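Listed below are the residues making up each chain.
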Amino acid sequence: MKKLYILLFVLITSTLTAQNREMLSYKLDDVVSLDVPKNFVESDTIVDGVQIRQIRFKTDTYDFIAQRVLFENEDQKTSLSRLPYDYASLIDEYERVIARMRYRVPYYLKNTTLVKKDGFTGYNLKFENDLGTPTYEAEFYLLNKNLYTFFYASDTQFNADVKTELFNSVKINTENDISQYLGKAPKYRYGYVLATYFFLSLFVIWVIIISIKIYRKKKGKSSIFHE
């Protein structure tokens, strides 16, 4: 699995101060939409081979970032996909996300909570500074092959109401075909690989036998299987 959580990139990315507080609904893509001010910034980039799409804005008191990170290559065969395949494997993957985020975010992880949005399971993470003051909050969801993460940060005036309003503005387009379980269980993947090699071996053997038969026929010799 690629290192998909380029949080240092997130933390150092420049943002534009939102002077106009009027909010409007904007589509991050066909799956997720959220409320943003008129003068937000959006970008598409590749970091260490990973596709990242961002919407970000800044006010006098906080920073907000909505980010989509490609979790698995689009050309990955479904039969070999390592994406979650059931609820337990989804939670396992989320725990790995939390471990990486905990290591990269420069605050103390105070609390982790399973959350639901439009029927999909995600996680909410709360961080504090050295004084025990809330400074950073993140919420993320794995939808199809992308990890969607939303960051609210404020070192001086963390406003829980504003944060909640921003997170609640995030909507998942349930009219689209969305799943959190596109992967295959390890047993299935191993079985698929073994079956593939087995039938490939049979094909190679068949090609060798046919080639020998054609060769012996051209040489006027009897088949080695009828001598």
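So, how was this worked out
- Residues numbered from 1 in each chain as written.
- Predicted model: local features only at pLDDT ≥ 70, side-chain atom pairs only at ≥ 80, totals over all residues.
- Heavy atoms only, no water.
- Buried < 20%, exposed > 50% of the residue type's maximum accessible area, 1.4 Å probe, protein only.
- Helix = DSSP H or I, 4+ residues; strand = E, 2+ residues; numbered from the N terminus.
- Arc of directions from axis to C-beta.
- Polar contact = N/O pair within 3.5 Å; in protein donor to acceptor, adjacent residues only side chain to side chain.
- pLDDT = per-residue confidence, 0-100.
- Contact = heavy atoms within 4.5 Å.
- Salt bridge = Lys/Arg side-chain N within 4 Å of Asp/Glu carboxyl O.

Peer 1: I'd love a proper account of helix H3 (residues 160-169), names of residues and values included.
Peer 2: Turn by turn, an α-helix covers 3.6 residues, leaving residues three or four places apart pointing in a common direction. Buried residues of H3: Val162, Lys163, Leu166, Phe167 and Ser169, and no others. What you see down the axis of H3 is that its buried residues fit within an arc of 160 degrees, all on one side. Those residues of H3 that are exposed and aimed more than 90 degrees away from the buried face are Asp161 and Glu165. A distance of 3.0 Å separates the backbone nitrogen of Asp161 from a side-chain oxygen at the start of H3, and that oxygen is part of Asn159.

Peer 1: I'd like a description of the confidence of the model for the protein, backed by residues and values.
Peer 2: Chain-level pLDDT for the protein is 79 on average; 68% of the residues reach the 70-or-more range. In this model, residues 188-199 is a region of pLDDT below 50 whose contacts with residues beyond four sequence positions or in other chains number 10 contacts. Scored below 50 in pLDDT, residues 223-227 shows 8 contacts in the model against residues more than four places distant or in partner chains.

Peer 1: Explain the pattern of salt bridges to me, and be specific about the residues and the numbers.
Peer 2: As enumerated under the stated definition, the model contains 9 salt bridges in all. Taking the shortest distance from any N to any O, the salt bridge between Lys58 and Asp63 comes out at 3.4 Å. Overall, Lys58 belongs to the partly exposed group, its relative accessible area being 29%. For Asp63, a relative accessible area of 26% corresponds to the partly exposed category. Across the pair Lys126 and Glu137 runs a salt bridge, and its minimum N-O distance is 3.6 Å.

Peer 1: Any chance you could break down the environment of Ala138 for me, citing the residues and the numbers?
Peer 2: Mapped onto the elements, Ala138 comes out in strand E8 (residues 134-143). Taking the C-alpha atoms as reference points, Ala138 and Met101, 37 residues apart in sequence, are found 9.5 Å from one another. Non-local contacts of Ala138, meaning those with residues more than four positions away in its chain, are made with Met101, Tyr123, Asn124, Leu125, Phe150, Phe151 and Phe167.

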